[in-house]
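Remarks on the overall topology
Listed below are the residues making up each chain.
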Amino acid sequence: MAAMHVTSSTAQSKPISAEAKIRFAKEVAKFPANQKQSAVMACLAIVQQELGYVSVESEQVVAEYLGMAPMAVHEVTTFYNMYNQHPCGKFKLNVCTNLPCQLRDGSKALQHLEGKLGIKMGETTADGLFTLQQSECLGACADSPVMLVNDRTMCSFMTNDKLDQLVDSLRGSASQSAKEQL
Ligand code: FES
């Protein structure tokens with residue numbers, strides 16, 4: 001299967017909506033007036049919910065809104081795995097490859113997924129379903145190999161069989177929801 005490798009330089013950034021700006025204001029209101037920069041993570045999450053990723057252009061909008069330097073916003077986007085810096089597949093698979101996990105087959109799990117999906121780490125399948133990434137420690141080293149699906153669902157003790165089952169079931173759920181939309 002061919003892979004897509006979409007980078008921020010090739011992606012067309014959409015503007016942030018007025019509704020998103022209203023949500024920004026609600027987040028900013030949770031902090032004292034002189035600390036509105038504390039809402040930066042929430043604002044970036046809103047951008048990602050709306051656009052699917054956080055482009056450099058979106059970072060500039062957030063920076064201007066919060067009175068921050070664009071680089072300070074970029075540092076937040078790039079520090080946390082949960083922020084996508086380019087469009088991702090429907091399912092983002094983040095496999096931990098930090099040292100404790102590497103000692104317990106974390107890298108092998110990533111390689112197995114590369115083979116199963118026919119893509120390399122950092123790429124997205126041509127059908128737009130899966131993006132494969134490596135991640136920093138997910139705080140569950142004893143459960144290695146571990147991975148996160150779409151930044152929320154932690155999967156532990158991921159043997160090759162379990163990885164295959166996970167991919168097949170996600171693929172099945174995507175095709176089921178596509179049928180329901182017909
Ligand atoms: S090193 Fe992988 S969860 Fe901690």
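Residues numbered from 1 in each chain as written. Predicted model: local features only at pLDDT ≥ 70, side-chain atom pairs only at ≥ 80, totals over all residues.

**Comments concerning the overall build of the protein**
For the protein, the helix and strand inventory stands at 7 helices and 6 strands. Starting at the N terminus and ending at the C terminus, the protein contains elements arranged as β-α-α-α-α-β-α-α-β-β-β-β-α. Principal-axis analysis of the C-alpha atoms gives the protein an extent of 50 × 45 × 30 Å. Counting across all 182 residues of the protein, residues that qualify as buried make up 28%. Residue pairs in contact within the protein that sit at least 24 positions apart in sequence constitute 63% of those at least 6 positions apart. (Helix = DSSP H or I, 4+ residues; strand = E, 2+ residues; numbered from the N terminus. Buried ≥ 20, exposed ≤ 12 C-beta atoms within 10 Å, placed from the backbone. Contact = placed C-beta atoms within 7 Å.)

**Focus on helix α3 (residues 56–66)**
Of the residues making up α3, those classed as buried are Ser58, Glu59, Val61 and Val62. Within α3, the buried residues cover an arc of 160 degrees as seen down the axis, which keeps them to one side. Contacts made by the buried residues of α3 are with α2 (40–51) and α4 (70–79). Once α3 finishes, Gly67 follows within two positions and takes phi at roughly 70 degrees, a positive value. (Arc of directions from axis to C-beta.)

**Some details on the nonpolar core**
By size, the foremost hydrophobic cluster in this structure holds 18 residues, and its most contacted members are Leu93, Val95, Ala109, Leu113 and Met147. Elements with a contribution of two residues or more to this core: β2 (91–96), α6 (106–117), β4 (130–135) and β5 (147–149). Excluding anything up to four places from it in sequence, Val95 contacts Gly106, Ala109, Leu110, Leu113, Gln134, Ser135, Pro145 and Met147. The next biggest cluster of nonpolar side chains, apart from the first, holds 14 residues, and it includes Ile16, Val40, Val54 and Val73. (Core = buried A, V, L, I, M, F, W, Y, C linked by C-beta atoms within 7 Å.)

**Re the domain arrangement of the protein**
Considered domain by domain, the protein is made up of domain 1 (3–79) and domain 2 (91–180). A C-alpha centroid distance of 26 Å is found between domain 1 and domain 2. (Domains from an automatic or database assignment.)

**Points about the environment of Pro87**
By the element assignment, Pro87 lies in the loop between α4 and β2. Note: C-alpha distance between Pro87 and Ile16 (71 residues apart in sequence) is 15 Å.

**Details of the packing of α6 against helix α7 (residues 160–180)**
Geometry of a packed helix pair, given as the angle between the helix axes and the separation of the axes. In contact at an axis separation of 10 Å, α6 and α7 are set at 45 degrees when each is read in the N-to-C sense. Classified by the angle their axes make, α6 and α7 are oblique. Remark: the crossing between α6 and α7 carries right-handed chirality. Of the residues in α7, those touching α6 at Ala109, His112, Leu113, Lys116 and Leu117 are Asn160, Leu163, Asp164 and Val167. (Axes fitted to C-alpha atoms, helices over the stretch in contact; angles between N-to-C directions. Parallel < 35°, antiparallel > 145°, perpendicular 65-115°, else oblique. Left-handed = near helix turned anticlockwise from the far one by under 90°.)

**Here we look at the pairing of β2**
Where burial is concerned, most of β2 is hidden: 6 out of the 6 residues are buried. Side chains Phe91, Leu93 and Val95 project from β2 onto one buried face, and the interleaved Lys92, Asn94 and Cys96 project onto a second face that is buried too. Note: β2 against β4, 6 bridges, orientation parallel. Paired with Lys92 across the strands is Thr131, a residue of β4. In this structure, β2 lies alongside β5, joined through 3 bridges in antiparallel fashion. Bridge pairing in β5 places Val95 opposite Met147. (Pairing = 2+ DSSP bridges.)

**Notes on the environment of Phe157**
By the secondary structure assignment, Phe157 is in the loop between β6 (153–155) and α7. Accessibility expressed as a C-beta count within 10 Å gives 13 for Phe157, which makes it partly exposed. Taking the C-alpha atoms as reference, Phe157 lies 15 Å from Asn98; in sequence the two are 59 residues apart.

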